[in-house]
Amino acid sequence: MENSNQTLPSQFFLLGLSTVPHLQVLGFLVFMLMYIMTLSGNGLLLITVRISPKLHTPMYFFLSNLSFIDVCFSSTIVPVILINTLSTEKSISVGGCVFQMFFSLILGVGECILLAIMAYDRFVAICRPLHYSSIMNMRCCVMLSIVPWTVGFFNSCIQVPLTWRLPFCRTHHINHFFCEIPPILRLSCKDPLLNVVAMYVAAGTIVLCSFLLTLISYVYIISTILKIRSSQGRHAVFSTCASHITVVTLYYGTLLFNYLQPPSSHSVETDNTVSVLYTVVTPMLNPIIYSIRNKDVKSCLINNLKNKKNCLKTC
């Protein structure tokens, strides 16, 4: 039986960031800027959707859910990065590592499934416009919004205990910037075959099913768009989907690359870069992409800012 000191260390050390002093400062400033942009961008989008009656539709209901997940996802990871960037120890407790892994899995899976649900919403709006209000009613929207959290929770309840059953007797230094399953598995002195199989089955089932649902939705959407005779009409319909397509491509692309490539082809530097993209960069870009590409959001933002200025002048 493995020694308990070997199987469960008191802490881990995150080595995914540079140890060069001037690069540490630069890294801290970059991550801090991205985190501020993530919080402010998604927070502003949440407030705008909440206070603008024009945006009280299923599309913006799901967009609000996406912004909330992005804020939580980024907040689970970035604060630890900021602390460890300037810290000499770069350590994280076992409890902190378990917490980070558990909730980052829930939120990562949740965002993946939510993007597929948003694609389905666009499919119903464009391909079944006469039945849209009856299909995407509030009860249906609430039930669909619960699905990502439920699947993410059950996935974490399987993956995290499996990971922490492994003995970690090689080293306690994680060559990554947060506690994610693939780099943790490399630390085990026991063959993590069961964990690798569980990870691939979960990633294959969740990510690929979400991707296929999104792909099928857009095949029908594009087919419907091509049937529109007016080029102006085609452009107007396609513009409502362009933001979502951009986000889906960025998120699914990086997630599939990191979790479904063969273990032998994994490069630590590449994995770290790709992880930064879907855990830090994508949550920052989502509100920017949706705000820039969406006329309704832009007009509501401008109106709300004008109203706020008028209110301040009156006061």
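Heads up: these notes are all about the structure in this document. (Residues numbered from 1 in each chain as written. Predicted model: local features only at pLDDT ≥ 70, side-chain atom pairs only at ≥ 80, totals over all residues. Heavy atoms only, no water.)

**Some points on the packing of aromatic side chains**
Link 1 in the chain: All chains considered together, the criterion is met by 13 aromatic pairs.
Link 2 in the chain: With a centroid separation of 5.6 Å and an interplanar angle of 70°, the aromatic rings of Trp164 and Phe168 are classed as edge-to-face. Just as Trp164 is buried, Phe168 falls in that class too.
Link 3 in the chain: Taken together, the aromatic side chains of Phe99, Phe102, Phe103, Phe153 and Phe154 make up a single cluster linked through ring pairs. (Phe/Tyr/Trp six-rings, centres within 6.5 Å; stacked < 30°, edge-to-face > 60°. Buried < 20%, exposed > 50% of the residue type's maximum accessible area, 1.4 Å probe, protein only.)

**Digging into the side chain of Thr279**
Link 1 in the chain: As for its position among the elements, Thr279 is in helix H10 (residues 268-293).
Link 2 in the chain: When its relative accessible area of 0% is taken as the criterion, Thr279 is described as buried.
Link 3 in the chain: When residues no more than four places from it in sequence are discounted, the contact partners of Thr279 are Phe73, Ser74, Ile77, Phe177 and Phe178. (Helix = DSSP H or I, 4+ residues; strand = E, 2+ residues; numbered from the N terminus. Contact = heavy atoms within 4.5 Å.)

**Section: the environment of Ala198**
Link 1 in the chain: Among the secondary structure elements, Ala198 is positioned in helix H8 (residues 193-226).
Link 2 in the chain: When its relative accessible area of 16% is taken as the criterion, Ala198 is described as buried.
Link 3 in the chain: When the C-alpha positions of Ala198 and Asn155 are compared, they lie 9.8 Å apart, and in sequence the two are 43 residues distant.
Link 4 in the chain: Apart from the residues lying within four places of it in its own chain, the contact partners of Ala198 are Gln159 and Leu162.

**Points about a nonpolar patch on the surface**
Link 1 in the chain: A cluster of nonpolar side chains, contributed by Phe211, Leu212, Leu215, Ile216, Val219 and Tyr220, occupies part of the molecular surface with about 560 Å² of accessible area.
Link 2 in the chain: With respect to the helices, strands and loops of the structure, Tyr220 is situated in helix H8. (Patch = residues over 30% accessible without salt bridge, like charges linked within 9 Å, V, L, I, M, F, W, Y side chains within 5 Å. Areas by Shrake-Rupley, 256 points an atom, 1.4 Å probe, with all protein chains shown as cover. Salt bridge = Lys/Arg side-chain N within 4 Å of Asp/Glu carboxyl O.)

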